[in-house]
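# Summary of structural features
So the chains spell out like this:
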Amino acid sequence: MSLKPSIANPQHHLTPSHGTSAPRARGAGQTDSSSSVLTHGPDQDQKNSDDDHSGSLVTVLIAVGANFIIAIAKTVAAFMTGSASMIAEAAHSWADTGNGTLLIVAEKKSIKPADKSHPLGYGKESYVWSMIAAFGVFTAGSIVSIYTGIKEWNAAESETNYTIGFIVLAVAFVLEGFSLIQAYRQSKKHGEALDISALGYVMDTSNPTLRGVFFEDLAAVIGLVIAAMAMGMHAYTGEPYWDALGSIIVGLLLGVVAIFLISRNRDFLIGYRVTERMHNYVLEELLNHPDIDSVSYLHLEWVGPKKIFMVAAVDIAGNQKEAHIAQKFEEIENLFRSNPTFQEAILTLSVPNADILTLSDV
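In this report, we go over the structure that sits alongside the text. (Residues numbered from 1 in each chain as written. Predicted model: local features only at pLDDT ≥ 70, side-chain atom pairs only at ≥ 80, totals over all residues. Heavy atoms only, no water.)

Turning our attention to the sheet that holds strand 3 (residues 272-273). What the 4 strands build is an open sheet, ordered 3-4-5-6; its pairing is mixed. Across the chains shown, the open sheet's two edge strands, defined by having one partner strand only, are strand 3 and strand 6 (342-349). Bridge analysis of strand 4 (residues 292-304) against strand 5 (residues 307-316) gives 10 bridges, and the strand direction is antiparallel. Bridge pairing in strand 5 links histidine 299 to valine 311. Set on the sheet, helix 9 (residues 322-337) makes contact with strand 4, strand 5 and strand 6; between it and strand 6 the angle comes to about 155°. (Pairing = 2+ DSSP bridges. Helix = DSSP H or I, 4+ residues; strand = E, 2+ residues; numbered from the N terminus. Contact = heavy atoms within 4.5 Å. Axes fitted to C-alpha atoms, helices over the stretch in contact; angles between N-to-C directions.)

Its 30 residues give helix 6 (residues 208-237) an end-to-end C-alpha distance of 43 Å, which sits within 8% of 44 Å, the value for a rise of 1.5 Å per residue. By the N-cap criterion, in which a side-chain oxygen at the helix start approaches the backbone nitrogen of a residue two or three places on, helix 6 is capped by asparagine 207, the distance to threonine 209 being 3.1 Å. (Expected span 1.5 Å × (residues − 1). Polar contact = N/O pair within 3.5 Å; in protein donor to acceptor, adjacent residues only side chain to side chain.)

On to the pairing of strand 6. The sheet contact formed by strand 5 and strand 6 spans 7 bridges and is parallel. Note on strand 6: the bridge partner recorded for isoleucine 308 is phenylalanine 342. The handedness of the strand 5 to strand 6 crossover, carried by helix 9, is right-handed. (Right-handed = clockwise from strand over helix to strand, strands pointing away.)

Turning to a nonpolar patch on the surface, a few remarks are in order. On the surface, Phe68, Ile69, Ile72, Val76, Met80, Trp94, Ile164, Ile167 and Val171 cluster together to form a nonpolar patch covering roughly 820 Å² of accessible area. Only helix 1 (49-81) and helix 4 (163-193) provide two or more residues apiece to the nonpolar patch. For the nonpolar patch, the leading source of residues is helix 1, giving 5 residues. Using a relative accessible area of 46% as the deciding quantity, one classes isoleucine 167 as partly exposed. (Patch = residues over 30% accessible without salt bridge, like charges linked within 9 Å, V, L, I, M, F, W, Y side chains within 5 Å. Areas by Shrake-Rupley, 256 points an atom, 1.4 Å probe, with all protein chains shown as cover. Salt bridge = Lys/Arg side-chain N within 4 Å of Asp/Glu carboxyl O. Buried < 20%, exposed > 50% of the residue type's maximum accessible area, 1.4 Å probe, protein only.)

Counting residues in each nonpolar core, the largest one holds 26 residues, and the members touching the most others are Val282, Leu286, Leu298 and Met310. Among the secondary structure elements, those contributing two or more residues to this core are helix 8 (276-288), strand 4, strand 5, helix 9 and strand 6. Those residues in contact with leucine 298 that sit more than four places away from it in its chain are His279, Val282, Leu283, Leu286, Met310, Val311, Ala312 and Leu357. In this structure, Val64, Leu210, Leu254 and Val257 belong to the second largest nonpolar core, which totals 23 residues. (Core = buried A, V, L, I, M, F, W, Y, C linked by side-chain atoms within 4.5 Å.)

Inspection of the secondary structure assignment puts phenylalanine 166 in helix 4. The exposure class of phenylalanine 166 is partly exposed, given its relative accessible area of 33%. When the C-alpha atoms of phenylalanine 166 and alanine 228 are compared, they prove to be 6.7 Å apart, with 62 residues separating the residues in sequence. Among residues more than four places away in sequence, those in contact with phenylalanine 166 are Ala228, Met231 and Gly232.

Let's shift gears to the pattern of salt bridges. As a working rule, side chains carrying opposite charge can pair if their charged atoms are close by. Using the criterion set out here, one finds 9 salt bridges in the structure. The partner of arginine 264 in a salt bridge is aspartate 204, with the nearest N and O atoms 3.6 Å apart. Of the two residues, arginine 264 is situated in helix 7 (residues 241-269) and aspartate 204 in helix 5 (residues 198-204); the sequence distance between them amounts to 60 residues. The class of aspartate 204 is partly exposed, set by a relative accessible area of 44%. For arginine 337, the salt bridge is made with glutamate 344, and the minimal N-O distance between the two is 2.7 Å. Comparing arginine 337 with glutamate 344, the two get one shared label, buried. Connected through salt bridges with shared partners, the residues Glu330, Glu333, Arg337 and Glu344 form a single ionic network.

In this section: the side chain of aspartate 291. Of note, aspartate 291 is situated in the loop between helix 8 and strand 4. At 3.3 Å, the side chain of aspartate 291 and the side chain of lysine 328 are in polar contact.

Once that is clear, we can look at empty space enclosed by the protein. Evaluated as defined, the whole model comprises 3 cavities of 30 Å³ or more. When its volume is computed, the second largest cavity comes out at roughly 40 Å³. In terms of lining residues, the second largest cavity is bounded by Asn99, Leu103, Ser130, Ala134, Pro208, Gly212, Leu261 and Asn265. Among the secondary structure elements, those contributing two or more residues to the lining of the second largest cavity are helix 2 (84-110), helix 3 (125-152), helix 6 and helix 7. Residues that form the lining of the second largest cavity fall into these classes: 4 nonpolar, 4 polar and no charged. (1 Å grid on protein atoms, 1.4 Å probe; cavity = no way out; pocket = protein on both sides within 12 Å on 5 of 7 lines; lining within 4 Å. Points joined across faces, edges and corners; volume = space filled by probe spheres on them. Nonpolar A, V, L, I, M, F, W, Y, C, P; charged D, E, K, R; others polar.)

Now the structure itself:
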């Protein structure tokens, strides 16, 4: 069994490793995958699980650094201009900074190796901290922005010079845009391996850090445009409710992002199955193994960023003794375990006369 598909690879994380990882007994936890190299082909770069972690960490560090600088600048501009939209944008950037900090915590905690108390590893820590970030920080930013807009809706008109505000928004747009491009490039790189768009990948990826940064930066860029338009309309018409409206819209935007991220992290925390494409790919690999006649059950669940837990019920070819079957199971399981995408793989015998799975089953 090569773990190498006969057709275009539907999941670039499932290509074979160079070299052989030390076999693991069942329940032994995660092996060190730092020496496992994922290969896409003779002309493609070699990757490993550490590359993906480093890429996500670099992306979030860039986002946090940019947001921290922008938050300070927006706060100063908000005090100087008194703009409700600028206050909302300052709250937005402080929320993004806090969110990014929690995502760094998530990255660090999720890579802890499996142990006796957590045999499937600590991958779901990433979803816990990402949910805390989305619920606490984004929601706080949303409430502050909406409250500020409502409070300032009927505020008395005053002479305000928005020049410093527009300058800060322009600089923020450049910095936020750079961070968004970094997240987009990482998403596009992984999406191309699956023949899906960058947005499609970031919507369904098991990596909450990349998803959080991508939508955080996307919301930030949209929010900056909204704030600039609101301030511009205020300056042009002299009506302060335009500025207040911009603050409310930014708050609603943050709320939508928060609800979406909370929902996606909840999906993975309660047990999120892999895509039909991945399911069929793994099923095909099992069916192509010379020692397996059929598969009656296959469970594939994400237990962390790019970490799958597999349970399968199979029928072993021939009439083999129990000891031989156990040995075959161990060999097949270790083929999956040697790939860094699989946190754990468990095989069991199919019950007699069980319905068998085909590639159209999900």
